[in-house]
Amino acid sequence: MTGFSKGIRKVEVALKWDPSPAGRPPTDLDIVAATYLSGDPYGDPAYLVHFDSRSPDGTILLNRDSTDGKGFGWDEVMTIELDRLSDRYARVMVGVVIQQRPGHKTFAQVLNPAVRIREGYTVLAEEGFASVLGSTAATIAEFVRESEEWTFRPGVRGFDEDPSTFTRVMGRAHQS
């Protein structure tokens, strides 16, 4: 036994933003989670969970989805049960992507976007997207299985990709 820590077990990822001004097209942000196999933790995702899909085993669930930011409080909420995720998986990346219709939109054009990641009542991270204003998508969290426990690696990293491309590249190793 390595100690009393059980690592990260179950997290909630919440996203919010303000609606577009009157007369402007709605802004649609989406939370995306990608799982990676132990044998290829930086390769292609084993599966994705977003507004139009779900995890095959029910461990990752999008509880709330918004297409316009008009929710009360947090507009999108995703639950990730890391403690129930199969040993086949070594990594989970979580990102936010801006839907690119009807035109190119970056975080600079989204009103007051923010993300909160918590385990139970403990806030692990809460921040905005000021460091990636020119990006169309961003990774916001990485969960890694280390010695049978899940650890959390915070940080916002921007991408200038369409939603489909972003889901393919969001989990690749960082290039310094």
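Residues numbered from 1 in each chain as written. Predicted model: local features only at pLDDT ≥ 70, side-chain atom pairs only at ≥ 80, totals over all residues. Heavy atoms only, no water.

Participant: Quick question: what am I supposed to make of the nonpolar core here?
Facilitator: Note on soluble globular proteins: their nonpolar side chains tend to be buried together. Ranked by internal contacts, the top residues of the largest apolar core, which has 35 residues, are Ile80, Val94, Phe129, Ile140 and Phe143. At 5 residues, the largest contribution of residues to this core is made by strand β6 (residues 89–98). Sequence-distant contacts of valine 94, that is, excluding residues within four places in its chain, are made with Val13, Ile31, Val32, Ala33, Ile80, Thr139, Ile140, Ala141, Phe143 and Met170. (Core = buried A, V, L, I, M, F, W, Y, C linked by side-chain atoms within 4.5 Å. Buried < 20%, exposed > 50% of the residue type's maximum accessible area, 1.4 Å probe, protein only. Helix = DSSP H or I, 4+ residues; strand = E, 2+ residues; numbered from the N terminus. Contact = heavy atoms within 4.5 Å.)

Participant: How should the sheet that holds strand β5 (residues 76–81) be read in this particular structure?
Facilitator: Think of a sheet as strands paired side by side through backbone hydrogen bonds, with each pair either parallel or antiparallel. Taking strand neighbours across the sheet as the criterion, the 5 strands line up as β4-β5-β1-β7-β8 in an open arrangement whose pairing is antiparallel. The open sheet terminates on both sides in strands that have one partner only, identified here as β4 (60–64) and β8 (122–128). Looking at each pair of strands side by side, their axes are set apart by 15° on average, direction ignored. As paired strands, strand β1 (residues 10–18) and β5 are joined by 6 bridges and run antiparallel to one another. (Pairing = 2+ DSSP bridges. Axes fitted to C-alpha atoms, helices over the stretch in contact; angles between N-to-C directions.)

Participant: Please explain the packing of aromatic side chains as it appears in this structure.
Facilitator: Tallied over the entire structure, the rule returns 4 aromatic pairs. Between the aromatic rings of tyrosine 47 and tyrosine 89, the centroid separation amounts to 5.6 Å while the plane-to-plane angle is 85°, which identifies the pairing as edge-to-face. Note that tyrosine 47 is positioned in strand β3 (residues 47–49) and tyrosine 89 in strand β6, a separation of 42 residues in sequence. Both residues of the pair, tyrosine 47 and tyrosine 89, belong to the buried class. Ring plane angle 5° and centroid distance 4.4 Å describe the contact between phenylalanine 107 and phenylalanine 129, whose orientation is recorded as stacked. Of the two residues, phenylalanine 107 is situated in the loop between β6 and β7 (111–119) and phenylalanine 129 in the loop between β8 and β9 (137–146); the sequence distance between them amounts to 22 residues. The positively charged end of lysine 16 is found above the aromatic ring belonging to tryptophan 74, 4.5 Å away from the centroid. The aromatic ring of tyrosine 36 is capped on one face by arginine 91, whose charged end is 5.0 Å from the ring centroid. (Phe/Tyr/Trp six-rings, centres within 6.5 Å; stacked < 30°, edge-to-face > 60°. Lys NZ or Arg CZ within 6 Å of the ring centre and 35° of its normal.)

Participant: When you look at the sheet that holds strand β10 (residues 149–159) in this model, what are you seeing that I'm missing?
Facilitator: Taking strand neighbours across the sheet as the criterion, the 5 strands line up as β3-β2-β6-β9-β10 in an open arrangement whose pairing is antiparallel. This sheet does not close on itself; its edge strands, each paired only once, are β3 and β10. In this sheet, adjacent strand axes meet at a mean angle of 20° when their direction is disregarded. As paired strands, strand β2 (residues 29–37) and β6 are joined by 9 bridges and run antiparallel to one another. Counted as the bridge partner of tyrosine 36 is arginine 91 from β6.

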